[in-house]
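So you can see what is in the structure, the chains are spelled out below.
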Amino acid sequence: ETGVTQSPTHLIKTRGQQVTLRCSSQSGHNTVSWYQQALGQGPQFIFQYYREEENGRGNFPPRFSGLQFPNYSSELNVNALELDDSALYLCASSLGGATSGSFRGNEQFFGPGTRLTVL
Amino acid sequence: AQSVTQLDSQVPVFEEAPVELRCNYSSSVSVYLFWYVQYPNQGLQLLLKYLSGSTLVESINGFEAEFNKSQTSFHLRKPSVHISDTAEYFCAVSPPSIRASKIIFGSGTRLSIRP
């Protein structure tokens with residue numbers, strides 16, 4: 001069983017640029033959540049995708065957007081990068097839906113993260 | 001809405017000493033409770049979880065946490081720590097949901113073990 005993978009591992013961008021981060025979910029999972037972890041803080045929920053549709057969003061501006069593909073992998077796109085966007089971006093996959101049982105929908109498996117530095 | 005408070009940002013302890021990492025939460029609905037561990041330069045790993053049933057839950061590496069509903073706490077304990085336990089520990093909550101739900105994390109407690 002393959003775990004959650006993310007690419008790239010590290011990324012350096014300049015202010016105003018755009019970035020795309022990628023996540024491959026664990027085999028059999030249909031839900032992907034994205035989190036931003038600033039230095040010295042806990043992860044903050046950005047948004048979640050369930051079967052290719054957005055299924056909840058945290059307090060992040062519209063320049064943070066995402067996609068989920070038919071194979072349940074996902075992308076996080078950030079436009080007009082700002083210095084404060086520098087952080088570790090974590091992707092987590094899980095199995096959601098009525099047939100999975102509610103508790104399994106809450107058990108999320110995290111990838112190693114992508115560290116984004118904005119200069 | 002839910003929130004999580006980790007009362008200590010850093011906890012230094014000597015090797016083989018006991019440790020307690022404190023966590024309090026706030027929620028108007030019942031929640032699932034988690035402790036995640038983050039080793040240096042790595043992602044998050046689930047350490048243990050409370051979903052229902054026995055209020056004392058244990059991990060495979062000797063940690064345990066007790067759910068206290070009246071005090072809305074979920075403190076993490078280990079009777080004897082090892083150097084390899086050096087990491088950042090995050091307490092988290094999530095409301096039960098048929099669909100996968102977001103996890104709300106505390107700000108983390110950095111556990112440093114001194115030889």
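See above for the structure.
Parameters and conventions
- Residues numbered from 1 in each chain as written.
- Chains lettered and ligands numbered in written order.
- Predicted model: local features only at pLDDT ≥ 70, side-chain atom pairs only at ≥ 80, totals over all residues.
- Heavy atoms only, no water.
- Buried < 20%, exposed > 50% of the residue type's maximum accessible area, 1.4 Å probe, protein only.
- Helix = DSSP H or I, 4+ residues; strand = E, 2+ residues; numbered from the N terminus.
- Pairing = 2+ DSSP bridges.
- Axes fitted to C-alpha atoms, helices over the stretch in contact; angles between N-to-C directions.
- Disulfide = S-S within 2.5 Å.

> Even after reading the chapter, I still don't get the pairing of strand 8 (residues 74-78) of chain A, so can you show me in this structure?
On a regular strand, each side chain points to the face opposite its neighbour's, so the side chains alternate between the two faces of the sheet. Residue and element names in this part refer to chain A. With five of its five residues buried, strand 8 lies for the most part within the structure. By the alternation rule, side chains of strand 8 split into Ser74, Leu76 and Val78 and Glu75 and Asn77, which are all buried. By the bridge criterion, five bridges tie strand 7 (residues 64-68) to strand 8 in an arrangement that is antiparallel. Considered in strand 8, the bridge of phenylalanine 64 is made with valine 78. Between strand 7 and the antiparallel strand that follows it, strand 8, lie five residues; tyrosine 72 among them carries a positive phi value of about 75°.

> How do you make sense of the sheet that holds strand 3 (residues 19-24) of chain A when you look at a structure like this?
Working definition: the strands of a sheet are paired by backbone hydrogen bonds and lie parallel or antiparallel to each other. Residues and elements named next belong to chain A. Overall, antiparallel pairing links the four strands, which are arranged 1-3-8-7 in an open sheet. Two strands close off the open sheet at either side, each with one partner strand: strand 1 (5-7) and strand 7. On average, adjacent strands in this sheet sit at an angle of 20° to one another, irrespective of strand direction. Across three bridges, strand 1 lies against strand 3 in antiparallel orientation. Across the sheet, the residue bridging to glutamine 6 is cysteine 23, located in strand 3.

> Is there a simple way to explain the state of the cysteines in this structure?
Among covalent bonds in proteins, the disulfide is the one between the sulfur atoms of two cysteines. Applying the stated criterion across every chain yields a total of two disulfides over all chains. Bridging cysteine 23 of chain A to cysteine 91 of chain A, the disulfide has an S-S length of 1.7 Å. Taking the sign of the S-S torsion, -45° for the link of cysteine 23 of chain A and cysteine 91 of chain A, the bridge is left-handed. One end of the pair, cysteine 23 of chain A, is in strand 3; the other, cysteine 91 of chain A, is in strand 9 (residues 87-94), with 68 residues separating them in the sequence. Disulfide pairing places cysteine 23 of chain B opposite cysteine 91 of chain B at an S-S distance of 1.9 Å. Disulfide cysteine 23 of chain B-cysteine 91 of chain B: torsion about the S-S bond near -65°, hence left-handed. Of the two residues, cysteine 23 of chain B is situated in strand 4 (residues 23-27) and cysteine 91 of chain B in strand 10 (residues 87-94); the sequence distance between them amounts to 68 residues.

No statement about biological role is implied by the geometric values presented.
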